[in-house]
Amino acid sequence: SANPEALEEIKQLMLQNYGNYIQSWRRCLDQDGSNRVNWDEFKSACSILNFHGDIGGAWRALDDDFSGFITLSELDQDSDEM
């Protein structure tokens, strides 16, 4: 099930490591530059961030439309509008 707390932990690690969501998206999450992140990319990013909590729950909190991908707007609406 969705785990918003795990997602918040990951988002804090993103900010600590990259300063903002856009840099985190470009340098850590969206590794192939497709403007969307699949489950494998997300797991890899969690490893890079040294997050070992509820990865699946964080994913489900992000992929709320069950598309199998997440976008920057699902991660952070404000960053996506820049």
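No experiment lies behind these values; they were computed from the predicted model shown.

> Got a minute to help me understand the packing of helix 3 (residues 39-48) against helix 4 (residues 55-62) in this structure?
Two quantities define a packed helix pair, namely the angle between the axes and the distance from one axis to the other. Taken N-terminus to C-terminus, the directions of helix 3 and helix 4 make an angle of 125 degrees; their axes are 11 Å apart at the nearest point. Judged on the interaxial angle alone, helix 4 and helix 3 are oblique. In the packing of helix 3 onto helix 4, the handedness of the crossing is right-handed. Each of Trp39, Phe42, Lys43 and Cys46 in helix 3 lies in contact with helix 4, whose residues at this interface are Ile55, Gly56, Ala58, Trp59 and Leu62. Of the residues assigned to the contact of helix 3 with helix 4, the class counts are seven nonpolar, one polar and one charged.

> Teacher, can you tell me more about the side chain of Asp63 here?
With respect to the element layout, Asp63 can be found in the loop between helix 4 and strand 2 (69-70). At 9.1 Å, Arg60 is the nearest oppositely charged side chain to Asp63, a buried residue that forms no salt bridge. In this structure the side chain of Asp63 is engaged in a polar contact, spanning 3.0 Å, whose partner is the backbone nitrogen of Gly68. Those residues within four positions of Asp63 in sequence are excluded, and the remaining contacts are Gly68, Phe69, Ile70 and Glu74.

> Hey, could you run me through the environment of Met82 in this one?
Of note, Met82 is situated in the segment after helix 6 (77-80). The sequence separation of Met82 and Ile22 amounts to 60 residues, and the corresponding C-alpha distance is 9.2 Å.

> Help me out: how do you make sense of the packing of aromatic side chains in this one?
The way to describe two aromatic rings as a pair is by their centre distance and the angle between their planes. Applying the stated criterion across every chain, the model contains three aromatic pairs. Pairing Trp39 with Trp59 gives two aromatic rings, centres 5.7 Å apart and planes at 70 degrees, and the pair type is edge-to-face. Remark: Trp59 occurs in helix 4 and Trp39 occurs in helix 3; sequence separation between them is 20 residues. For Trp59, a relative accessible area of 9% puts it in the buried group.

> I would appreciate a short explanation of the environment of Asp30 in the present structure.
Within the secondary structure layout, Asp30 lies in the loop between helix 2 (21-29) and strand 1 (37-38). Sequence separation between Asp30 and Phe66 is 36 residues; the distance between their C-alpha atoms is 18 Å. Contacts of Asp30, omitting those with residues within four sequence positions, involve Trp25, Asn35, Arg36, Val37 and Glu41.

Parameters and conventions
- Every chain is numbered on its own, with residues counted from 1 as its sequence reads.
- Given that this is a predicted model, residues contribute local features only at a pLDDT of at least 70 and side-chain atom pairs are listed and counted only at 80 or more, while totals for whole chains, interfaces and linings are drawn from all residues.
- Calculation of side-chain values draws on the structure's entire complement of heavy atoms; hydrogens and water are dropped beforehand.
- Note on method: axes are straight lines fitted to C-alpha atoms, helices fitted across the in-contact stretch only, with angles between N-to-C directions ranging 0 to 180 degrees.
- Only DSSP runs of H or I reaching four residues or more are called helices, and only runs of E reaching two or more are called strands; each is numbered from the N terminus.
- The scheme is simple: roughly parallel for angles under 35 degrees, roughly antiparallel for over 145, roughly perpendicular for 65 to 115, oblique for anything else.
- Each crossing gets its hand from how the near helix is turned against the far one by less than a right angle, where anticlockwise is left-handed and clockwise is right-handed.
- Contacts between residues were defined by any pair of non-hydrogen atoms, one from each residue, lying within 4.5 Å.
- Residue polarity follows a fixed list, in which Ala, Val, Leu, Ile, Met, Phe, Trp, Tyr, Cys and Pro are nonpolar, Asp, Glu, Lys and Arg are charged, and the others, Gly among them, are polar.
- Only protein chains enter the accessibility calculation, which uses a 1.4 Å probe. A residue is then buried if its area is under 20% of the maximum for its type, exposed if over 50%, and partly exposed in between.
- When charges are counted, Lys and Arg contribute as positive and Asp and Glu as negative, whereas His and the chain ends are disregarded.
- For this analysis, a salt bridge means a side-chain nitrogen from Lys or Arg found within 4 Å of a carboxyl oxygen belonging to Asp or Glu.
- Here a polar contact means two N or O atoms within 3.5 Å. Within protein one must be a hydrogen donor candidate and the other an acceptor candidate, and residues neighboring in sequence count only if both atoms are side-chain atoms.
- To pair, rings of Phe, Tyr and Trp, with the six-membered ring standing in for Trp, must have centres within 6.5 Å; the planes then decide the type, stacked if under 30 degrees apart, edge-to-face if over 60, and tilted in the middle.

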